[in-house]
Amino acid sequence: MKISSVKIISLLFFVLSAFYLYTANQIQVFAFDVNSPFNAKTFPIYLGYAGMFFAGLQILLPEKSVEKVNHNVLDYKKVIYLVIIMIFYGLTILKVGFFLSTSIFLLLSYYFLGERRWKLMLIFSFPFVAVFMFLLHGALNIYLRDPLLKYLGIIG
Amino acid sequence: MIEGILIGLNTALSLKNILMVVMGCFFGTIIGMLPGLGPMTAIALMIPITYGFDPATGLILMAGVYYGAVFGGSTSSILINAPGIPGTVATSFDGYPMAQQGKAGKALAIAAYSSFAGGTIAAIFLLFAAPSLSKISLSFRSPDYFALMILGLTAVAAFSSKGQFLKAMMMAVLGLMLACVGQDTLSDIPRFTFNNMNLSDGISFVLVVMATFAMSEALTIILRGTDPSSAAKAISLKELGSIKLDKDETKKTLKTIPRSSVIGFIVGVLPGAGSTIASFLAYGMERNFVNKEEKEKFGKGSVHGLAAPETANNAACSGSFVPLLTLGIPGSGTTAVMLGALLGFGIQPGPRLYMTNPEIFWSVIMSMYVGMVILLILNLPLIPYIARILAVPRTFLIPMILFFSVTGIYLMSFNTFDIFLMIGIAVVATGLRLYKFPMPPLILAFVLGGLMEENLRRSLLISDGSFNFLYDRPLTAIILAFTILIFSWQSYISLKSK
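Residues numbered from 1 in each chain as written. Chains lettered and ligands numbered in written order. Predicted model: local features only at pLDDT ≥ 70, side-chain atom pairs only at ≥ 80, totals over all residues.

**Q** I'd like a rundown of the overall build of chain B, residues and numbers included.
**A** For chain B, the count of helices and strands is 23 helices and two strands. For chain B, whose C-alpha radius of gyration is 22 Å, the value lies close to the compact-globule estimate of 23 Å for 498 residues. Principal axes of the C-alpha set define a box for chain B whose edges measure 70 × 55 × 50 Å. Expressed as a percentage of its 498 residues, the buried residues of chain B come to 62%. Intrachain contacts of chain B at a sequence separation of at least 6 include 80% that bridge at least 24 residues. (Helix = DSSP H or I, 4+ residues; strand = E, 2+ residues; numbered from the N terminus. Rg over C-alpha atoms; globule rule 2.2 N^0.38 Å. Buried ≥ 20, exposed ≤ 12 C-beta atoms within 10 Å, placed from the backbone. Contact = placed C-beta atoms within 7 Å.)

Given below as structure tokens:
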């Protein structure tokens, strides 16, 4: 018997719901609330059961049509690159500062998506971020931490 | 009511709010024209900006984006048979054949006039329906609200899932599970935080919307290798033809508009139904209304066939504001995003909104009229030029969407943990999208989670832990009966086809 991807996802959701139910039961409520008709863990417990119920039905009932996804035509490589660039962006935004990390994030994203027009890529990274930062500071009065620009004396 | 209308007009016609409507309509039209990116993405990207404004202005901006996106979606449906949003699929049935016959300009004009009329007529209905329903809904109690939320979730799951009801219900439960993360509102007891301080305040609503819509839609476009801007590139300024309608076309359009407006508005008010169902229903009904000769033209470039879905989908947009403004319960994923944004402003929509914040209530309704006029001005003469702007290559478009998503969430919390959490949720959502797990039920459930728990808490405490509250009040019992009906019907359809 071949198990479809939807059933595997449903099985994972069933396990997640079971774990959720277990964690909900572990929630420490106040002593005077333990026998109350409703406390902090009541709703999550119902949700755990509901998740297991719907996932269980999806696993047990036969599928109308098996959802076929042709993985060969999907561009996983580019998505993985983008996710790595975003994680890198998240890691550097506080340390390096908004201006440089955002500009590099945009530049790398354009490049990995196949763009090679360097002039446009540069315009839509460093100057674009500078204008965006100016609007944030000037128009919306939002302060952005940027150690690099502070070191250079551009922002206070 | 007159006083309310004047308050609304005063707020809606302020220069700032008119600018917001123009901006919202313009931005919504652009996003709506891009296949794969819907109104929820457009609104999600706007939320961080709205927090810089007062609630009325913020909601006016989001409403402008909403009907702008529905309006814009029709353009790509007509010109290249690639509906920008599901609500404009029915538009392509007759709009695209008209464009192929060299009448693209006329098709766009019919779509623009119908959308304008549908939206405006529905806004008049809203003007009368919302205050009346607000007064009635003051008699609603916690059990009724709880039942209404269950009905809303079931209906959205049933209608948005296209035959995948169980998947949609799983998504709804997942949304409720995510909503429970963080401190319990009454006892402050931490739940599902796993001793992580970043989760003690719960997961931000904007984060979930950005991750499941803006970011995951962008990643899906890359994964599938599609180019949303190809739609814009295919639009030629020369091939549109005249936008002037002749007497016969005007007569046909005028005949269709009133009945499709009524259908669109009623369907829009119903929880979960929305513009997609409204447009298909109006298309089908219109086919039954016309004579045999006109019926033959359906699917081959019928004026009735184009005007009906276009009128209905815009009327449904206005209709979907009725449950949001009067009950505080959104009837669709898009209005759920708006509810979340309003809660972020510290405003609880519902029957009391009419009394406590009349300027918000009335200005949103009044801004709809302004929005419809602006859309008419935008859509008719400017569409080909807007389409040119859209011809941005995806190598620039996708990084920009990702940039606005990440920056949007970073600017709200200045916490990098939120960025990583958003990336994680977006990756999972992208995987789920591949296997047709719908996202609107997740968003609706996430927004309603807190309110649902609160109403269940009150109901159970009043009834001393007994579930009799589900049928003690006739209103609760009727709402739950509808829920059971939808659930049974969907289960029957699923089992029958299996």
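Moving on, there is more to tell.
**Q** Summarise the interface of chain A and chain B; cite the residues concerned and give the values.
**A** With 52 residues of chain A at the interface, the matching set in chain B holds 46 residues. Elements represented by at least two residues in the side of chain A that touches chain B include exactly α1 (5-26), α2 (42-60), α3 (76-92) and α4 (98-112) of chain A.

**Q** Summarise helix α8 (residues 165-179) of chain B; cite the residues concerned and give the values.
**A** An α-helical segment advances 3.6 residues per turn. Residues three or four places apart therefore align on the same side. For α8 of chain B, which comprises 15 residues, the first-to-last C-alpha distance of 21 Å matches the rise-based estimate of 21 Å (1.5 Å per residue) to within 8%. Taking burial as the measure, the 15 residues of α8 of chain B include 15 buried ones, the bulk of the element. (Expected span 1.5 Å × (residues − 1).)

**Q** Lay out the confidence of the model for chain B in plain terms, naming residues and giving numbers.
**A** All names here are of chain B. When pLDDT is averaged across chain B, the result is 83; 92% of the residues are at 70 or more. At the level of individual helices and strands, chain B shows its lowest average pLDDT in helix α10 (residues 230-233), which scores 58, and its highest in helix α20 (residues 416-434), which scores 95. Among the scores for the predicted complex, ipTM is 0.94 and pTM is 0.82. (pLDDT = per-residue confidence, 0-100.)

**Q** Describe the environment of serine 74 of chain B, with residues and values.
**A** Residues and elements named next belong to chain B. For serine 74, the location among the structural elements is in helix α4 (residues 55-80). Residue serine 74 is classed as buried on the basis of its 36 C-beta neighbours within 10 Å. The spatial distance from the C-alpha of serine 74 to the C-alpha of methionine 33 is 7.4 Å, given a sequence separation of 41 residues. With residues up to four places along the chain from it excluded, the contact list for serine 74 reads Thr88, Thr91, Gly95, Ala111, Ser115 and Glu310.

**Q** Any chance you could break down helix α11 (residues 247-269) of chain B for me, citing the residues and the numbers?
**A** Residues and elements named next belong to chain B. Compared with the 33 Å implied by 1.5 Å per residue over 23 residues, the 34 Å span of α11 between its first and last C-alpha is a close match. Bending of α11 peaks at approximately 30° at the position of isoleucine 257, with proline proline 258 no more than four residues after it. Here α11 has its buried residues at Lys252, Thr253, Thr256, Ile257, Ser260, Ser261, Ile263, Gly264, Phe265, Val267, Gly268 and Val269. (Bend = angle between axes of the 7 residues up to and from the residue.)

**Q** Can you tell me about the nonpolar core, naming the residues and giving the values?
**A** Core analysis: the biggest nonpolar cluster contains 198 residues, and Ile43, Met210 and Met422 of chain B have the highest contact counts within it. With 16 residues, helix α6 (residues 104-137) of chain B is the single largest residue contributor to this core. Residues lining this core come from more than one domain, with at least three contributed by each of domain 1 (5-69) and domain 2 (73-151) of chain A. Not counting the four nearest positions on each side in its chain, methionine 422 of chain B is found in contact with Leu207, Met210, Ala211, Met215 and Ile409 of chain B. (Core = buried A, V, L, I, M, F, W, Y, C linked by C-beta atoms within 7 Å. Domains from an automatic or database assignment.)

**Q** Kindly report on the domain arrangement of chain A, identifying the contributing residues and their values.
**A** Domain boundaries assigned for chain A yield domain 1 (5-69) and domain 2 (73-151). Between the C-alpha centres of domain 1 of chain A and domain 2 of chain A the distance comes to 39 Å.

**Q** Before we move on, could you go through the packing of helix α9 (residues 205-224) of chain B against helix α21 (residues 440-462) of chain B and cite the residues and values that matter?
**A** Residue and element names in this part refer to chain B. Between α9 and α21, the least distance of the axes is 11 Å, while the angle of their chain directions is 180°. Between α9 and α21, the angle is such that the two are roughly antiparallel. Facing Phe205, Val208, Val209 and Thr212 of α9, the residues of α21 in contact are Leu442, Ile443, Phe446 and Val447. Here the residues of the contact of α9 with α21 sort into seven nonpolar, one polar and no charged. (Axes fitted to C-alpha atoms, helices over the stretch in contact; angles between N-to-C directions. Parallel < 35°, antiparallel > 145°, perpendicular 65-115°, else oblique. Nonpolar A, V, L, I, M, F, W, Y, C, P; charged D, E, K, R; others polar.)

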